[in-house]
Amino acid sequence: MSLLVNIIAFILVFIFIVVVHEFGHYLFAVLFGVKVHEFAIGFGPAIYRKKGKKTDFRINVFPLGGYVRLKGEDPQEQEDPDSLYGVAAWKRFLIVLAGPVFSILAGYLLFVLIISIWGYTPIIIDKVLPGSPAEQAGLQANDIVLKLNGKYVFDTMDMTSIIRKGKPLTLEVLRKDARITARVTPVLTQKEYFLYLKDVKGNIGGKVESVNNISFERYMERYTKEYVTIKSELGELKGLIDNVSEIPQRYAIGIYYGQFSNVFAKDNEIFSKGDTLSEVEGMKVESTTDLMDIVTALSLKFDEIYLRIKGNEVEQVIRPLPPKVKISYISKNGTQKEITISKEKLLSVLSIPGVFEMKAPKMKPRGFEAIFVAIARSNRLALYIWKTLPGVFVGRNIQDVSGPVGVVQVIGQAVQFGLETVLIVVAVITINLGIFNLFPLPALDGGRIIFALVEMISRKKINRNVENLIHTIGFFLLLGFLFFMTFVDISRFFVR
């Protein structure tokens, strides 16, 4: 049943996206006096038809797509004054351009609607490191980041990439009801290492002096999975290095981003919606990073350990929690409670998708600010798509793109979360479609735009047969790309 719902939702979304795109072509064709033979939703035989004065409006049996058929698109038709190739090249340019532009504008308008009604989830600071540039600039935990260098910022990846440049920053944050401006200069950090060890004995802390009698920095240049002896200021640790991840030197301001809070968003077998987790086996829960540390500690076996080492200083040691863990929490009615359960049961609850409320509250800008925020949000998305999509054709960024099967799945998942999520998905897809069609590839609107531009500049007619041949070849290449992306979508099911 869920598969049927997913397919129906996909068809409805796809029809909307296609109709918006094709309406752009239709409107400008009518505006410039080009006859539109058909405006169709779907392909194949018609199941509904309404004949207009000049256009045949129809709904076809296969609803995967749609089209407008303009007079003159068929090479056999004469180039009459009311045909696509009978009008001036600049008019043909605008007719072709209108489809992608309408798609992109529809996405922008949807984001205006979404942000006006539901708002958006901003970036929130989860934790500020002591002595960091962020602390010195006056930033605090739970500050909501509104703007970075005078521009709205929505994505932690965007904010991080700007910080990584190492240039002075101006942040506008919301603290309770006050807007505060903070100026902070990133500093170059030391390398960080995350070590996961098994069969561990001993203690560690302070400065790491050596690993197997080799200085820590030199050893980490060539580390292997092996038993080691790590000597530190506060003790000696022996164990098997099973995994190491490294974060190179980079510019940072000393903050962690917040993702989810410690308030439960849904009922589960232990907690009720609205309960607040405050402590697990002495580990306080005040931030997203605290919750992640607890999940790590719950996942470790009795002889395992997780280390975070900055430079050569031990910053954090996470050891496994006991089989039974003592939990403190505040019930939704404000009562302090304590329980003891198995760590496996607690881990299963904390691993439920969406079990916690989001850390950042929804921001609901009003009036013109909602429009400005929506445009900024859409601009960021459009820029990301424009940068990402070209790489797909040369084998890059494949993981960031979905074909038809993947889109069905995404829309189906969105339906489970409600109308807001569905509209966000529709906005993203329609902006994707508009930008994709602007690429100067044969068979796409972008390819036809190029031919119109060449004719506008050269003031010479291009051989119709040559142009149609190029578009036909491009169509089959795009069809091959579509099959490839379908194969990629299906293959993803087998690697989960």
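The sections below set out a description of the structure shown in this document. For every chain, the first residue of its written sequence is number 1, and the numbers climb from 1 along that sequence. Given that this is a predicted model, residues contribute local features only at a pLDDT of at least 70 and side-chain atom pairs are listed and counted only at 80 or more, while totals for whole chains, interfaces and linings are drawn from all residues. Neither water nor hydrogens contribute to the side-chain values; these are computed over all heavy atoms in the structure.

**With respect to the sheet that holds strand 12 (residues 235-247)**
The strand order across the open sheet built from six strands is 10-11-12-9-18-19, with neighbouring strands paired in antiparallel fashion. Unpaired on one side and paired on the other, strand 10 (208-211) and strand 19 (313-318) mark the two borders of the sheet. Each adjacent strand pair in this sheet contributes to an overall mean axis angle of 40 degrees, direction not counted. A strand pair is defined by DSSP finding two or more bridges across the two strands. Runs of E in the DSSP output that reach at least two residues are strands. Runs of H or I that reach at least four are helices, and both are numbered from the N terminus. Looking at chain direction, strand 9 (residues 192-202) and strand 12 are connected through nine bridges and run antiparallel. Paired with Leu195 across the bridge in strand 12 is Val244. In this analysis, axes come from line fits to C-alpha atoms, helices being fitted only over the stretch in contact, and the angle between any two N-to-C directions falls in the range 0 to 180 degrees.

**Concerning the nonpolar core**
In this structure, Phe111, Tyr120, Ile431 and Ile435 are the most contacted members of the largest nonpolar core, which totals 37 residues. Of all the elements in the fold, those that place two or more residues in this core are helix 1 (2-31), helix 2 (89-117), strand 4 (144-148), helix 8 (368-392), helix 9 (404-417) and helix 10 (419-438). In terms of residue count, the dominant contributor to this core is helix 10 (eight residues). In plain words, nonpolar cores are sets of buried Ala, Val, Leu, Ile, Met, Phe, Trp, Tyr and Cys residues tied together by side-chain atoms within 4.5 Å. The rule is simple: take the accessible area with a 1.4 Å probe, protein chains only, and divide by the maximum for that residue type; under 20% is buried, over 50% is exposed, in between is partly exposed. Within the second largest apolar cluster, 23 residues are counted, among which are Val285, Leu321, Ile341 and Phe356.

**Topic: helix 10**
In this model, helix 10 (20 residues) spans 29 Å end to end at C-alpha, consistent with the 28 Å of a helix rising 1.5 Å per residue. Among the residues of helix 10, those classed as buried are Glu420, Val422, Leu423, Val425, Val426, Ala427, Thr430, Ile431, Gly434, Ile435, Phe436 and Asn437. In a helix, the anticipated span is given by 1.5 Å times the number of residues less one.

**Structural notes on the packing of helix 6 (residues 288-299) against helix 7 (residues 343-350)**
Helix 7 packs onto helix 6 with a crossing angle of 140 degrees between their chain directions and a minimal axis gap of 10 Å. In terms of orientation, helix 6 lies oblique with respect to helix 7. Two packed elements cross with a definite hand, and for helix 6 against helix 7 that hand is left-handed. Judged by residue contacts, Ile294, Val295, Leu298 and Ser299 of helix 6 engage Lys343, Leu346, Leu347 and Leu350 from helix 7. Per-class residue counts for the contact of helix 6 with helix 7 are six nonpolar, one polar and one charged. Any angle from 65 to 115 degrees is called roughly perpendicular, while one under 35 is roughly parallel, one over 145 is roughly antiparallel, and all others are oblique. Helix crossings get a hand from a simple test, with the near helix turned counterclockwise from the far one by less than a right angle marking a left-handed crossing and a clockwise turn marking a right-handed one. The contact criterion used throughout is that any non-hydrogen atoms of two residues lie within 4.5 Å. Throughout, the ten residues Ala, Val, Leu, Ile, Met, Phe, Trp, Tyr, Cys and Pro are labelled nonpolar, Asp, Glu, Lys and Arg are labelled charged, and all others, Gly among them, are labelled polar.

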